[in-house]
Amino acid sequence: MLLNRRNFLGWGLGTLAVSAPRLLGQEATASNGDEAQHVGCLVDTTLCIGCRKCEEACNRRNKLPHPDIAFTEQTVFRQERRPSAKAFTVVNEYTGAPSPDQEWMKETYAKVQCLHCLIPSCVSACIVGALTKTKDGAVVYNPDVCLGCRYCMVACPFQIPAYEYDVVLTPRVRKCEFCANFVKGTGADPACAAACPTEALVFGQRSSLLTLAKDRINRRPDRYVAHVYGEHEVGGTAWLYLTGRPATEVGLLAMPTFSPAHSTEAIQHGIFRYGIIPFAVYGALGGLMWYNHRRTQQSCKPDSESGQQVQEARHE
Amino acid sequence: MNKLQPQCTQKPFFTPGTTMLMVLAAIGFSFGLARILNGLGAVTNLDNFYPWGIWIAIDVASGVALAAGGFTTAAYIEIFGCHQFKPLLRPAILTAWLGYFMVAVGLTFDVGRYWNMWQPIINWQGNSVLFEVAMCVMAYLTVLTVEMAPPVLEGVKTWTPKRPALASVMRRAEKPIVFAYAWVKIVLPLFIVAGVVLSCMHQSSLGTLMVIAPTKLSPLWYTPLLPALFLLSAMMVGLPMVIMESLIAGKSFGHEPETELLGDFAKVIPWLISIYALCKFGDIAMRWEEISFAAHPDATVAWAIEIVLGLIAPFILFSLKSVRQSAGWLLTASLLVVLGVALNRINVYIIGYYPPFAGKRYFPALGEIALTVGLIATLMLIYRFFVTFFPIIASEVHAGTMSAEAQHAAHHDAVQPFWAWFFRGTAVVFLLGFVALYSLVHTEAIAVSLKASHEVQTAKISKGPKIETAAFKHADRPDAYRNLYVLNSPLLNKTNDYYEPVRFTHRTHDVNSGSTCSLCHHRQGSNMNDRVGDDIYKMHAEIDVRISGTPCIACHKDLTEKQFQKCSQCHLSSNESDFPARIGLKGAYHRQCIACHQNQPKTAHAPTDCVSCHHPLVPDHKPLLKIEANTQLSRQTVTGKCLGCHEETGHDILKTAHWNWQGRTPTISGQEHSTHIGLRNIIDNYDISLIPNPRLRDFFHIGDVRLASDWKDLTKIDCLVCHDTTATYRRDASEETIAWNNVAEKVGRPSRANCGSCHFYSGGGAGIKHGDLSPLLVNPDPDVDFHMGKVDMRCQDCHITSKHQIAGLSFNAPVVEGRIGCGVCHGEHPHGITGILSRHIDNHVKTVACETCHIPQFARKYPTQLSVDFSTAGQDRTDIPQQFGKPGYDKRYGEQTWGQNIVPLYRWFEGSRQNYLLGDKIAPDKTVVLNEPIGDKHNPKAQIYPFKVHRAVQPYDVEQKMLVAVKFEDCLWRDFDWNKAIAEGMKEMGRTFSGKHGFVKTEMYTSIHHEIAPARQSLGCADCHTPENIACTRCHTNAAGMNQPEHTQRVYPAFPNRFDFKALGYEGDPAVTGGRFYMFFKKGRPPK
Ligand code: SF4
Ligand code: SF4
Ligand code: SF4
């Protein structure tokens, strides 16, 4: 790198100035080119009857511990539950009919699990890549490299990953992995969707599920809210929800249409792209130090060693 | 000239203060140990909502921020050339080094898998802010170590141990130390700059960390500018931190505070504060719209404190010259900045963090606080250790003593220029390498962006299971339609099935829906191969017929001519990748069923929960039982295991008739409200009574009751007799022959074999008592019992069970726990509403029980006992031949007769009976009827029922004129002394015996309910009515839906006059003379 100092700095700062707006923009979106391959699951809350079969199926498939309260028990609905290390999915009950044309029903039920974001914040956050997004869109976890920093839990906007706080040596982050098998790569094959008696859960290609959801909305405008939750939320999620009442009434959070990971990634890559900024700062500071030392050296007699020679060595 | 030079403080290490710190550290680390041994959950208040607590907010975030003194001072002095402050550099570097040490230790306790802490070194994840922080912190710790090296090496070099051994070690180490010192001194400037750059990187990244949580972090703090704010605040806090520390250290070591120097040093601070404040306020102004101060009052308070006390107040103070000249005020102002920045970090990481759905707010647990305090105490101890033993803190050098630095300058001068360049080269390679690595990680991260650094094999959409339509059939597709279909879903069978398939009673639903086939069959096929069919609504609209409200049968007289679409023809597997819009069979069924059932009134008895339609499959109990290796279970321990989870069920069992052998007897006339009658005290024709005969009693009871107290003892219950599925368990088998573990692991729902293990043997042997129950029913031919043979119904499918109370009615065991009837499945119009003839047959149901026609004969394949003569017992006779393979004489019981294929006796029965109870007087010259059914033609509740009648000659008490209990086992059967056996038996029943016995004829009824024949074999009209009177089909041509066009004929020509109408109270054949159709339905012929 035989640039002289001015060139070096100029080049670095110039590049930075040119690239900054772009870096803070849409950096991360470009990455999801094969979105068409993504699988998904459509939850139709107007069809859910709160039977908790999905919970049971999930429990068995993932070999989760036996729950204290049986899966046939409806009393669990008394409080709003969240996915935990012992239950990757839970169904919650909300007062009121699921949709305007089902007035005979008194409650709405909504299943919660990881939404398998298209741009998952948890994956972006994970320090070692323990959480990854497979090509078909399932967000899976590899406990072998995880160090348990729990940043993924901070990052997930939906409050999904749970932690085994009680495990002493090998606690894991637990969440729905779309029933994908990390080790064998056997592919998403959700037990919950298979178990749902009313097929309120439909599993398939995300794109076709979107079509299906919109089709249902078009056919039954009286029943559905004209919004597929998850189509755009945090940049899109693999799990989609169709509701007959505003999504926020059934435990789905209002979300921005961009992924939080966009912001952090833009900052990260903006600052560290090719190491330009660190290099530039190093050069600038080194130069200043050299200059100041030379000044002191000239004013009094040389008293200390300094980095000036080194700087010269690097830049000349 | 007095010059400030770094020196070892000449103070003792151990003081009351340090002891105090040691205690705090010890407490803290004992909590740390507890966290290592018991896990995070045991020591912290962290949960899924608050994954980060004060160990991150204080130990890490604030720790890093407050360690900023290191890089700011270094930059101030070395880079910006303010060399006059050099005395402050070493303590600042030491503090920074210690701060990062605290970060590392704190993190070790905080991360869940501390043993995996090295993973980021090889698993790069360039998108992760945390990865950047981790790498940077590691690098900076290295840099700080280099920066710390000079004082440490100086300290070591000048150490002159008194012990000779150590002294010799020191002598030998001198050369390497000198070498290392020279290296460090030469490359130090390079590292100082690197340290500043690295600090800027991760100080800002600590802010970026929370940028990923826009929806959780309160808008008071959330801004994309967080990294800038964090960096600026770190720069701002660095110098005050150094000031604070040297003032405190000076005080603690008794130095005069260097107020003048520090005051000068502090001049720049207001500028730094104002830069930060400008950014902060500018940011807030820009986001003013988003900010709501009312949303979280506690956050607002914390925010206000941070701004006013941590930012505005110190700005004012540091700007004042008077403050900068007073040690006390300097300390106050510095403290405010330090605490303000620490509060800012806590705010961003904890107080401003509002995760959705969180129930309660996080507050640190005792352990978290203690460890944090302990860590800080440790830092102070280490600080004191270093300043005590190494030349860190500057103090005035007395003339004549050469300063350590001056000493070592000499060493430096000794280094050859070649080596100096070599040293610099190594450092440059190191630093360049690091930066190159960094760029690489990030470039790679940009390339793959959000993808994994670790590629996972691609998951595929599972193809819909390939469905063999041929194998997937309803139970016997009918010509027209049948009553029962097994609704099954191939998808469920393939994956996770929790229930047995539903047995769907088509005809009942047909009747209940008013024959509106289109409710379910919304498509109609033109032929068997038509996979799609026509939409019947559309089709009918085209031909101008409205189908809603009109039974299909109104037009489609004969359903056989129409091919309705099987549900499975369209709805097969769900989640089909080519066509997800098509719901699967499972969804189609459930939506259809639930849509109707949830709207049914309670009175309709339409089931609304899962288990009313299909039985849950019992999960594999092997993992649940958790039988320790090498333990051998026994009956007692198995029951214990069961009760471990199903204790409630145990209490339920103690309330059942199967356990108590007594209970409510609403069907015994005169005893409707009694609760004391039951198998415990009833007298019958077969075993006479069970209680005095322990082996019989034990065989038939569902537990081990030997003592009076056992009747209340849960642990005596025998769960396995009903729940064994291996068919290897028997009540009378000896304990050693049973593979207990295997049996226990495979428990399941009772099968016919389980119920049959007692009920098929009632009366003391196979088929003896009931006539309609025999071991054949374990696996019967459909001809023997259609329900069990054809559609494999279990006993409890009809004998509906709730809390182990089993519905049903027995003529012998009189306790009733619920009633059952055919109507539950077959509805009110069991013969269909598809024609007048069906209706005519349905009318019979009010008078004739279903069993009467549908069980034309009982004991069809297995003989049953018809009579026994106890008076002949005790002889050794071989003269009586076997009947149907059964002995005609048994020494224990006497002469016996047997029958097979028996036509029942028909009697009116209204649901209750006269029952002989022990103690009732008898007329010895007449036949005693033990349980005579009550009812007659005029009783509208009564129906004609089929019965088996069993006749016996049994002992009675001649004096007291009553029937008696007999002790057979080990008594009568030993010496056939009736008087003794009766006396013993009566004693066990709490009764007395006069000592004189005689024999009396008795009769016992058993109602016939099982061995339902296939419809084709049920009685035809002519089987009861005289043929010349019933040319019904002359007019009633329409018999759609009936599978028995020939049913008007006589099905059993061998049994003329099956009904004795006179005995039933009629003058003659009611079809001729008129019967209850007229009485109750006001139609038909009036009685003559
Ligand atoms: S919902 Fe949360 S855990 Fe699931 S992929 Fe999105 S960010 Fe990750
Ligand atoms: S806890 Fe594990 S999975 Fe979560 S971010 Fe940290 S290393 Fe990744
Ligand atoms: S996809 Fe699998 S892991 Fe996720 S909720 Fe469904 S069953 Fe559970």
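Not measured: the values here are computed from a predicted model.

## Thoughts on the site of ligand 2
As a matter of local geometry, ligand 2 sits amid 14 residues, with Cys126, Cys146, Cys149, Arg150 and Cys152 of chain A nearest to it. When the residues that make up the shell around ligand 2 are grouped by side-chain class, the tally is twelve nonpolar, one polar and one charged.

## Focus: a nonpolar patch on the surface
All names here are of chain B. Nonpolar side chains collect at one region of the surface, where Phe281, Val301, Ile305, Val308, Leu309, Ile312, Phe315, Ile316 and Leu320 lie side by side and expose about 740 Å² of accessible area between them. With seven residues, helix 12 (residues 297–319) is the largest single contributor of residues to the nonpolar patch. When you line up the elements, Val301 lands in helix 12.

## Notes on the interface of chain B and chain A
Taken together, the 113 residues of chain B in the interface contact 121 residues of chain A. A buried area of about 9800 Å², summed over both sides, lies between chain B and chain A, and 63% of it is on carbon and sulfur atoms. At the boundary of chain B with chain A, the tally comes to one salt bridge. Where Asp110 of chain B meets Arg150 of chain A, a salt bridge forms, and the shortest distance between an N and an O atom there is 3.1 Å.

## Quick notes on the pairing of strand 3 (residues 107–112) of chain A
All names here are of chain A. Burial of strand 3 is extensive: five of the six residues sit out of reach of the surface. Strand direction decides the pairing type here: strand 2 (residues 90–95) and strand 3, joined by six bridges, are antiparallel. Paired with Asn92 across the strands is Ala110, a residue of strand 3.

## Focus: the confidence of the model for chain A
Residue and element names in this part refer to chain A. When pLDDT is averaged across chain A, the result is 80; 80% of the residues are at 70 or more. Across residues 1–33, confidence stays below pLDDT 50; counting only partners more than four residues off in sequence or on other chains, it has 40 contacts. Low confidence marks residues 301–316, where pLDDT is under 50. Its contacts with residues over four positions away, or in another chain, come to 32 contacts.

## Quick word on the packing of aromatic side chains
Scanning the model with the defined rule gives 39 aromatic pairs over all chains in all. Each ring, one from Tyr893 of chain B and one from Trp973 of chain B, has its centre 5.7 Å from the other, and the planes form 80°; the classification is edge-to-face. Of this pair, Tyr893 of chain B sits in the loop between strand 11 (889–890) and strand 12 (894–899) while Trp973 of chain B sits in helix 36 (residues 968–975), and the two are 80 residues apart along the sequence. A relative accessible area of 22% means that Trp973 of chain B is categorised as partly exposed. An aromatic cluster is present here, built from Trp97, Phe385, Phe386, Phe389 and Phe390 of chain B joined pairwise through their rings. Over the aromatic face of Phe357 of chain B sits the side chain of Arg82 of chain A, whose NZ or CZ is 3.6 Å from the ring centroid. Its guanidinium or amino end placed over the ring of Tyr889 of chain B, Arg877 of chain B lies 4.9 Å from that ring's centre, counting from NZ or CZ.

The rules we used
Residues numbered from 1 in each chain as written. Chains lettered and ligands numbered in written order. Predicted model: local features only at pLDDT ≥ 70, side-chain atom pairs only at ≥ 80, totals over all residues. Heavy atoms only, no water. Near = heavy atom within 4 Å. Nonpolar A, V, L, I, M, F, W, Y, C, P; charged D, E, K, R; others polar. Patch = residues over 30% accessible without salt bridge, like charges linked within 9 Å, V, L, I, M, F, W, Y side chains within 5 Å. Areas by Shrake-Rupley, 256 points an atom, 1.4 Å probe, with all protein chains shown as cover. Salt bridge = Lys/Arg side-chain N within 4 Å of Asp/Glu carboxyl O. Helix = DSSP H or I, 4+ residues; strand = E, 2+ residues; numbered from the N terminus. Contact = heavy atoms within 4.5 Å. Buried area = accessible area lost by both parts, 1.4 Å probe. Buried < 20%, exposed > 50% of the residue type's maximum accessible area, 1.4 Å probe, protein only. Pairing = 2+ DSSP bridges. pLDDT = per-residue confidence, 0-100. Phe/Tyr/Trp six-rings, centres within 6.5 Å; stacked < 30°, edge-to-face > 60°. Lys NZ or Arg CZ within 6 Å of the ring centre and 35° of its normal.

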